[in-house]
Amino acid sequence: MSVLPLVFTSGWASGINAYAVVLLLGIFGATGLSDDVPESLQRPEILITAGVLFLCEAVADKIPYVDSVWDSVHTVIRPAAGAWVGALLAGQSGSLSDLAAGAIGGSTALASHTVKAGTRMAINTSPEPFSNFVMSTAEDLGVAGILTFAMFHPEAAAIIAGVLLLAGLLALLFLISRIRRFLRRRAQRREEKRLAARVGQPPD
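A brief look at the structure comes next. Along each chain, residue indices are assigned from 1 in the same order as the chain's sequence is written. Under the rules for a predicted model, residues below a pLDDT of 70 receive no local features and side-chain atom pairs below 80 are neither given nor counted, while totals for whole chains, interfaces and linings still include all residues. Calculated side-chain values reflect all of the structure's heavy atoms, with hydrogen atoms and water omitted.

This next bit is on the side chain of Thr9. Here a strand is any run of E in DSSP of at least two residues, a helix any run of H or I of at least four, and the numbering for each starts at the N terminus. Within the element layout of this structure, Thr9 appears in helix H1 (residues 4-30). A contact between two residues is defined here by any heavy atoms of the two lying within 4.5 Å. Excluding anything up to four places from it in sequence, Thr9 contacts Ile146, Leu147, Ala150, Pro154, Ala157, Ala158 and Ala161.

What follows is the structure in structure tokens.
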């Protein structure tokens, strides 16, 4: 079970930025920083692909509404990446079955992705665009920092990731009402515009 903390932390991080996780783990393994990273994550084509996609996400994730569209597309990708990375890490260490590690990594990634996507929807209800940039930057730095910390102190990093995940889920519960009000107001404005356009049409 020694690899379980790293599987959990990588799953949490994958739900926020899966490409950063693959890229960082590959770099950690290629540079010899960690022996727990499988060689498949260190392959040049994997690192290049993850790097390019990470740059795309770094841009899309900081633009209001574009970030929510990006999150929607990655509802399947991030949990799948978390499960894939978790299974690879378990296979490398041999201390946790691939199936169990994939389930842990995938479910943790799905939970953290839900927090991220829901938080972004709430932030997009604000008229100013700066919150998206600040939140995205904080997420990128948090993923990089905690994943790096996990290379040296996996148990402590897993505890931090667990606390952040729990706090995020609790915060999301409070934000759900705000998101619902925003969606209702937007639907109401659309209906008002539709009715106004119909009233303004000349009679047949």
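Before going further, it helps to spend a moment on a positive patch on the surface. Put simply, a patch holds well-exposed residues, over 30% relative accessible area, that have no salt bridge, with like charges counted together within 9 Å and Val, Leu, Ile, Met, Phe, Trp or Tyr side chains within 5 Å. Accessible surface is estimated by sampling points in the Shrake-Rupley manner with a 1.4 Å probe; for residues, cover comes only from the protein chains shown. The working definition used for a salt bridge is a side-chain nitrogen of Lys or Arg within 4 Å of a carboxyl oxygen of Asp or Glu. Positive charges come from Lys and Arg, negative ones from Asp and Glu, while His and the chain ends are left out of the count. Here the site of a charge means atom NZ of a Lys, CZ of an Arg, CG of an Asp or CD of a Glu. Together, Arg178, Arg180, Arg181, Arg184, Arg185, Arg186, Arg189, Arg190 and Lys193 line one region of the surface with positive charge. Mapping Arg186 onto the fold places it in helix H6 (residues 154-200).

Taking 1.5 Å per residue as the helical rise, H1 with its 27 residues ought to reach 39 Å, whereas the 22 Å between its terminal C-alpha atoms falls clearly short. The principal kink in H1, of about 130°, is found at Asn17. Relative accessible area decides the class of each residue, using a 1.4 Å probe on protein chains only: under 20% of the type maximum gives buried, over 50% gives exposed, and in between gives partly exposed. A large share of H1 lies buried, amounting to 23 of its 27 residues. Looking one or two residues beyond H1, the residue adopting positive phi is Gly32, at roughly 80°. What a helix is expected to span follows from its residue count: subtract one and scale by 1.5 Å. The angle between axes fitted to the seven residues ending at a residue and the seven residues starting there is what we call the bend at that residue.

Assignment of secondary structure puts Asn124 in the loop between helix H4 (98-123) and helix H5 (130-152). Owing to a relative accessible area of 3%, Asn124 belongs among the buried residues under this scheme. Ignoring any residue separated from it by four or fewer positions in sequence, one finds Asn124 in contact with Pro64, Tyr65, Asp67, Ser68, Asn132 and Phe182. Any N or O atom pair separated by 3.5 Å or less is treated as a polar contact, with the protein-specific requirement of one donor-capable and one acceptor-capable atom, and with residues adjacent in sequence counted only for side-chain atom pairs. Within the structure, the side chain of Asn124 is placed 2.8 Å from the side chain of Ser68, a separation counted as a polar contact.

Don't take any of this as a statement about function, it's just geometry.
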